[in-house]
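Chain by chain, the residues:
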Protein chains: 4
Amino acid sequence: MILTLACPDQPGIVARVSAFLFERGANILDAQQYDDQETGRFFMRVVFDPAGADIDALREAFGEVAAAFSMRWSLRDPKVKRRVMILASQQDHCLADLLYRWRRGELPMEISAVVSNHPIETYANLDLSDVPFHHLPVRRATKLEQEAAIWKLIQDTDTELVVLARYMQVLSDGLAAKLEERCINIHHSFLPGFKGARPYHQAHERGVKVIGATAHYVTADLDEGPIIEQDVERISHRDTPAALIRKGRDIERRVLARAVRWRLEDRVLLNGAKTVVFTD
Amino acid sequence: MILTLACPDQPGIVARVSAFLFERGANILDAQQYDDQETGRFFMRVVFDPAGADIDALREAFGEVAAAFSMRWSLRDPKVKRRVMILASQQDHCLADLLYRWRRGELPMEISAVVSNHPIETYANLDLSDVPFHHLPVRRATKLEQEAAIWKLIQDTDTELVVLARYMQVLSDGLAAKLEERCINIHHSFLPGFKGARPYHQAHERGVKVIGATAHYVTADLDEGPIIEQDVERISHRDTPAALIRKGRDIERRVLARAVRWRLEDRVLLNGAKTVVFTD
Amino acid sequence: MILTLACPDQPGIVARVSAFLFERGANILDAQQYDDQETGRFFMRVVFDPAGADIDALREAFGEVAAAFSMRWSLRDPKVKRRVMILASQQDHCLADLLYRWRRGELPMEISAVVSNHPIETYANLDLSDVPFHHLPVRRATKLEQEAAIWKLIQDTDTELVVLARYMQVLSDGLAAKLEERCINIHHSFLPGFKGARPYHQAHERGVKVIGATAHYVTADLDEGPIIEQDVERISHRDTPAALIRKGRDIERRVLARAVRWRLEDRVLLNGAKTVVFTD
Amino acid sequence: MILTLACPDQPGIVARVSAFLFERGANILDAQQYDDQETGRFFMRVVFDPAGADIDALREAFGEVAAAFSMRWSLRDPKVKRRVMILASQQDHCLADLLYRWRRGELPMEISAVVSNHPIETYANLDLSDVPFHHLPVRRATKLEQEAAIWKLIQDTDTELVVLARYMQVLSDGLAAKLEERCINIHHSFLPGFKGARPYHQAHERGVKVIGATAHYVTADLDEGPIIEQDVERISHRDTPAALIRKGRDIERRVLARAVRWRLEDRVLLNGAKTVVFTD
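Residues numbered from 1 in each chain as written. Chains lettered and ligands numbered in written order. Predicted model: local features only at pLDDT ≥ 70, side-chain atom pairs only at ≥ 80, totals over all residues. Heavy atoms only, no water.

You'll find chain A entered in an unreviewed UniProt entry as Formyltetrahydrofolate deformylase, with Phenylobacterium koreense given as the organism. Its UniProt record, at the heading Pathway (unreviewed entry), says of chain A: "Purine metabolism; IMP biosynthesis via de novo pathway; formate from 10-formyl-5,6,7,8-tetrahydrofolate: step 1/1." Its UniProt record, at the heading Function (unreviewed entry), says of chain A: "Catalyzes the hydrolysis of 10-formyltetrahydrofolate (formyl-FH4) to formate and tetrahydrofolate (FH4)." (UniProt positions renumbered as here; feature names shortened; annotations may be inferred.)

Next comes the structure, spelled out in structure tokens:
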């Protein structure tokens, strides 16, 4: 089981949580804590072997502990896979990569749906045979309806996490708000550098020597959501914008995959406009 | 205070330790655990605010907890700086870097001595004014005596950690044994590649595309001690051995400085022939 | 057109080559030179716009220049794609990645064949519809026959480059010799560290803090071929061998893809047991 | 000798330059070219052994070639070291590092002066014994006079390159204009992210996962000068602003040292608002 929690810091949290687990016969396999001394918030992730304890009873009992410490918490069985919806557009490198990793067992998830504003033929070389695909085209005038359809699909499919895999539509504030802490986007620049459109062209024009990509939670404030992961690669004056786009695809797919995996393994905790990431 | 411990894994360790601290009014500021499921060994590092508790009493009381769990443990006040001896030879880049970082407050230590098999004039450009310097020359025939002098100096100066900052003499098995877990060396290659002498020349000859450096505990088995930290840099066919040596200096000094800092902050725990490093 | 050449160094090579091109109306778009002062060998890669010049005549005329300087040389039209055979085994991450990049236009090649010692069902999630697939199973007793079949296929399909995409069979000395400078392997360690079998398990056991992968030309001397590209990633004590294998897949596929692309773009020149790589 | 040149691209440049050198008996040791197809500008760096040719005659003769191609060019004897002035403020890590590298022979320069707005006591642990030191304090009201003094010193000392080694004063537009392409600054962020003051605090607040530093030519437009080199390091949520500043020092000093070395070796050519860097 994986227990995550965040609460105002005070003495005794670790003692209370670990005693709770010990008394019920559970054995801690891995644990990480972080105390943000700036905000006074405490974060914890515990992986434990319940050793036969009744999970529902455990959950109910822990609710009282959590209430006493004003915790925001979650208790999950990692064997129950999260349901994830992937949104894509024309560029399919992140989609292809996520599908590949999912089939290899790198990403503990069920794919509830792949949604695209482009038709399925766009992905003729990808194996979508065992994945529900939905073509939801969008024009400016139909954005409202399309987003309503996405939202309905999220609900109908019990989707817990939405991944924007180079989905080239900006979510409306309304949809972003509904998906708080449940929607990860990959931005093709090393934020906060080169916000907005065509970041590789911006990077080329500025003459930077390193490019990057950023996986972040989607918020109403475009390109300002809490950052989960970033990575970079060196470039040189020889790199055209096309070369940057090519090199960038490699960065984007590995940054997004890491962020999604960490999220699926309950390693990402929200800390205001930032994240705490208990990496492996 | 910083508490570190390692012991055979069993349920209840975190609960026992955190309850112990809570009962005495201490507040946990940072904690990391690791359970090596291969060897069944459990490792923990806890930083806590003792909040006025009597440290000697705390230490004595914890001794009983430790005994019950067969812990190897340490409880230290980070404000009491460790005494560190630096051994150097002709190449002074690691020595210069450690001195600089020490003066900047990056390394929480007192320098008990700088020892070299070269005279102090070798370091004419370094400020050794506030550091005890000892010239202990060595030839094959006098190695035994020189090592005895080093060992005496370690004892006389209450040295807790010895840093081989590109010290170009191999310690004898006897001295290495005395300094178990207390002596860090920087090897100028990405171990286990290029063991032995002139690793940059070996790397050049092999035509590798990345070079590295390795900080490790010294053991009787040369270049086989537990690795604490490694880092690398890209090179190209244009790099001569001289260029590799130059680039390598940069890697060596940052790898050694990181390893020393982590060791001084009780972040490095021995796990058989390997290390657990609770990085910041 | 791309011209590459290697020859003993002497004054006047660049002057002679560039005058040759200028006199025929060609315009140099990119050029890189390297003079190995250790071996006295000179290397050059020139990309030029022939501006309507007759290529066959150009090639014939350049033959005389080349002879005068004892050059090993090649003149290629980059629009004529090289024919590449990919050999794979059970692990398909490198194969999947090469196929994806090929379809995206990142790798200027035609796939002459995909050959595996496993049946096509192994790759059920990959789109092999437009790629000739050959199942050539192998046992110890049939290795000779299987390699003969591979060699026949190489000849029948006009294959110019063979890529061992985590092909888990060691080529015999005979086949390796036939494929000199035409066969790239990806080794799943940072050579020369952890040669031989199960390198990630070796790395885990040694407790290294960085793992890597190496793309190299295949030679009769296993794991000793000229290195084309290497890359690495940080790991920690928390990483199990399984985690190293997972992280390693990412390193392997990007290292192999880079090496293959550079080779296809005539950026890799052999320099004894090493390579000169004129990167972009 | 090192010849660098930039000019509008046209066929025959390499042929003309290499023929020029060959006819005078010179031997090319290293050469790199770059043709910016966006701007139509051609860049070249040639290292050659003049083999006894008269340099002054060579220079005069090459002037005619250069004029014919409208070249911006430079011909330098690398054995004649450039005179470099270092400007520093309270933070001395870049100054200390440059001094160390200079003494080690990594930076082919003479130090014409070290100038600081702080008194020499600030650098009590640095060996400034063989370096002319000038204390030029500055307040808002005296900035004009101080900059005039700096400019006079630059002229009096035949300074060719000015390095702002974490000099915490913004140069006026006037002084920046006088020092075009001759003044390198280190900015303690990964530009264009976190321009302006206290970039590490900005980075901490934004919650980025990677920090960096940028060496660039100083222009009137603050933080917008042509970028010469950048590098980065991973951070985590555990890093306080103080930790970022500490980690940043390491990045800053190596980025600045690389940029200065490349500039001293004539590897940095200006390309509009960007740079071409012919790295080694």
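From this point, things continue past the structure.
Both copies of the chain are placed relative to one another by a rotation about an axis and a shift along it. By a simple turn and slide, chain C fits onto chain B: the slide is 0.0 Å along the axis, the RMSD is 0.0 Å, and the turn is 180°. Interpreted geometrically, this transformation is the action of a two-fold axis. When each C-alpha of chain C is compared by its distance to the rotation axis, Gly193 of chain C comes out closest, at 2.2 Å. Both copies present the same face, since 100% of the interface residues in chain C are matched by interface residues at the equivalent positions in chain B. (Least-squares fit on C-alpha atoms with pLDDT ≥ 70 in both. Contact = heavy atoms within 4.5 Å.)

Looking at the secondary structure, you find Lys274 of chain C in strand β13 (residues 274-277). In this structure the C-alpha to C-alpha distance between Lys274 of chain C and Leu244 of chain C, which are 30 residues apart in sequence, comes to 28 Å. (Helix = DSSP H or I, 4+ residues; strand = E, 2+ residues; numbered from the N terminus.)

All names here are of chain C. Taken in spatial order, the seven strands make up an open sheet running β7-β6-β5-β8-β9-β10-β11, and their pairing is mixed. Unpaired on one side and paired on the other, β7 (133-135) and β11 (227-234) mark the two borders of the sheet. Averaged over all pairs of adjacent strands, the angle between their axes in this sheet comes to 20°, without regard to strand direction. Sheet topology note: the strand β10 (residues 210-217)/β11 ladder contains seven bridges and is antiparallel. From the neighbouring strand, Thr214 faces β11, where its bridge partner is Gln230. Lying over the sheet, helix α3 (residues 93-104) contacts β5 (82-88), β6 (109-116), β8 (161-164) and β9 (183-187), oriented at roughly 160° with respect to β6. (Pairing = 2+ DSSP bridges. Axes fitted to C-alpha atoms, helices over the stretch in contact; angles between N-to-C directions.)

Moving on: the packing of helix α7 (residues 241-264) of chain B against helix α7 (residues 241-264) of chain D. Direction vectors running N to C along α7 of chain B and α7 of chain D enclose 175°, while the axes themselves pass 13 Å from each other. Our classification of the angle between α7 of chain B and α7 of chain D gives roughly antiparallel. Between α7 of chain B and α7 of chain D, the residues in contact are Arg246, Asp250, Arg253, Arg254 and Arg261 of chain B and Arg246, Asp250, Arg253, Arg254 and Arg261 of chain D, respectively. Here the residues of the contact of α7 of chain B with α7 of chain D sort into no nonpolar, no polar and ten charged. (Parallel < 35°, antiparallel > 145°, perpendicular 65-115°, else oblique. Nonpolar A, V, L, I, M, F, W, Y, C, P; charged D, E, K, R; others polar.)

Now for the side chain of Arg258 of chain B. Here Arg258 of chain B shows up in helix α7. Residue Arg258 of chain B is classed as buried on the basis of its relative accessible area of 17%. Side-chain polar atoms of Arg258 of chain B contact the side chain of Asp231 of chain B, separated by 3.2 Å. Setting aside chain neighbours within four positions, we find Arg258 of chain B in contact with Glu229, Gln230 and Asp231 of chain B together with Arg234 of chain C. (Buried < 20%, exposed > 50% of the residue type's maximum accessible area, 1.4 Å probe, protein only. Polar contact = N/O pair within 3.5 Å; in protein donor to acceptor, adjacent residues only side chain to side chain.)

Within the structure shown, the criterion is met by 120 salt bridges over all chains. Of the charged contacts in the structure, one is a salt bridge between Arg206 of chain B and Glu224 of chain C, with a shortest N-O distance of 3.6 Å. In this pair, Arg206 of chain B is assigned in helix α6 (residues 199-206) and Glu224 of chain C in the loop between β10 and β11, connecting two distinct chains. The salt bridge partner of Arg261 of chain B is Glu265 of chain B, with a shortest N-O separation of 3.3 Å. This pair shows no difference in class: Arg261 of chain B is buried, exactly as Glu265 of chain B is. (Salt bridge = Lys/Arg side-chain N within 4 Å of Asp/Glu carboxyl O.)

Let us now look at the relation of the copies chain A and chain D. When chain A is brought onto chain D, the operation consists of a screw motion whose angular component is 180° and whose axial shift is 0.0 Å, with 0.0 Å RMSD remaining. When the interface residues of chain A are mapped onto chain D, 100% of them again fall at the interface, so both copies present the same face.

Our focus in this paragraph is the confidence of the model for chain A. For chain A, the average pLDDT comes to 95, and 100% of its residues sit at 70 or higher. Confidence estimates for the predicted assembly give a pTM of 0.96 and an ipTM of 0.94. (pLDDT = per-residue confidence, 0-100.)

Taken together, the 37 residues of chain C in the interface contact 37 residues of chain B. When chain C packs against chain B, close to 2900 Å² is buried across both sides, 50% of that on carbon and sulfur atoms. Sorting the residues of chain C by area buried against chain B places Arg206, Lys209 and His237 of chain C first, and these three jointly supply 24% of that buried surface. Viewed at the interface, chain B and chain C are joined by four salt bridges. Across the contact surface, chain C and chain B share 24 residue pairs in polar contact (both at pLDDT 80 or more). For the side of chain C that touches chain B, the secondary-structure elements that each account for two or more residues are β2 (27-36), α6 (199-206), β11, α7 (241-264) and β13 of chain C. Broken down by element, the side of chain C that touches chain B gets its largest block of residues, seven residues, from β11 of chain C. Of the residues in the side of chain C that touches chain B, the class split is 17 nonpolar, eight polar and twelve charged. (Buried area = accessible area lost by both parts, 1.4 Å probe.)

Residues and elements named next belong to chain A. Within strand β1 (residues 2-8), six of the seven residues are buried, which leaves the element mostly enclosed by the surrounding structure. Pairing analysis gives five bridges linking β1 to strand β4 (residues 72-76), with the strands arranged antiparallel. Within β4, the residue paired with Ile2 across the bridge is Arg76. In the sheet, β1 pairs with strand β3 (residues 41-49) via seven bridges, with the strands oriented antiparallel. Following the sheet pairing, Leu3 is matched in β3 by Val46.

Moving on, we get to the interface of chain A and chain D. Opposite the 37 residues of chain A that make contact, chain D presents 37 residues. For the pair chain A and chain D, the summed buried surface comes to about 2900 Å²; carbon and sulfur atoms form 51% of the total. Across the chain A-chain D interface, the total number found is four salt bridges. The interface formed by chain A and chain D includes 24 residue pairs in polar contact (both at pLDDT 80 or more). The set of elements that each furnish at least two residues to the side of chain A that touches chain D consists of β2 (27-36), α6 (199-206), β11 (227-234), α7 (241-264) and β13 (274-277) of chain A. By residue number, the principal contributor to the side of chain A that touches chain D is β11 of chain A, which donates seven residues.

With that settled, consider the environment of His135 of chain C. All names here are of chain C. Here His135 shows up in strand β7. On the basis of relative accessibility, which here comes to 36%, the residue His135 falls in the partly exposed class. Sequence separation of His135 and Ile86 is 49 residues, and the distance between their C-alpha atoms is 12 Å. In this structure His135 touches Ser116, Asn117, His118 and Pro119, once residues within four positions along its chain are discounted. One polar contact links the side chain of His135 to the main-chain carbonyl oxygen of Asn117, over a distance of 3.5 Å.

Here we take up the packing of aromatic side chains. Residues and elements named next belong to chain A. With the rule as written, the count across this model stands at 18 aromatic pairs over all chains. Here a set of aromatic residues connected by ring pairs shows up, and it is made of Phe20, Phe62 and Trp73. When the ring centre of Phe20 is taken as reference, the NZ or CZ atom of Arg24 above it lies at 3.8 Å. (Phe/Tyr/Trp six-rings, centres within 6.5 Å; stacked < 30°, edge-to-face > 60°. Lys NZ or Arg CZ within 6 Å of the ring centre and 35° of its normal.)

So, about the packing of helix α1 (residues 13-23) of chain C against helix α1 (residues 13-23) of chain D. In helix packing, the relevant descriptors are the interaxial angle and the interaxial distance, both defined with respect to the helix axes. Orientation of α1 of chain C relative to α1 of chain D, taken along the N-to-C sense of each, is 145°, at an axis distance of 8 Å. Taken as a pair, α1 of chain C and α1 of chain D cross one another with a handedness that is left-handed. For the pair α1 of chain C and α1 of chain D, the contacting residues are Val14, Ala15, Ser18, Ala19 and Phe22 of chain C in the first and Val14, Ala15, Ser18, Ala19 and Phe22 of chain D in the second. Partitioned by chemical class, the residues of the contact of α1 of chain C with α1 of chain D number eight nonpolar, two polar and no charged. (Left-handed = near helix turned anticlockwise from the far one by under 90°.)

A few words on unusual backbone geometry. Residue Pro192 of chain B follows Leu191 of chain B across a cis peptide bond; omega there is 10°. Structurally, the position occupied by Pro192 of chain B is in the loop between β9 (183-187) and α6. One non-glycine residue, Asp266 of chain A, adopts positive backbone phi at about 60°. With respect to the helices and strands, the residue Asp266 of chain A is situated in the loop between α7 and β12 (268-271). Not every positive phi belongs to a glycine, and Asp223 of chain C is a case in point at roughly 65°. By the element assignment, Asp223 of chain C lies in the loop between β10 and β11. On the accessibility criterion, Asp223 of chain C (8% relative accessible area) is buried.

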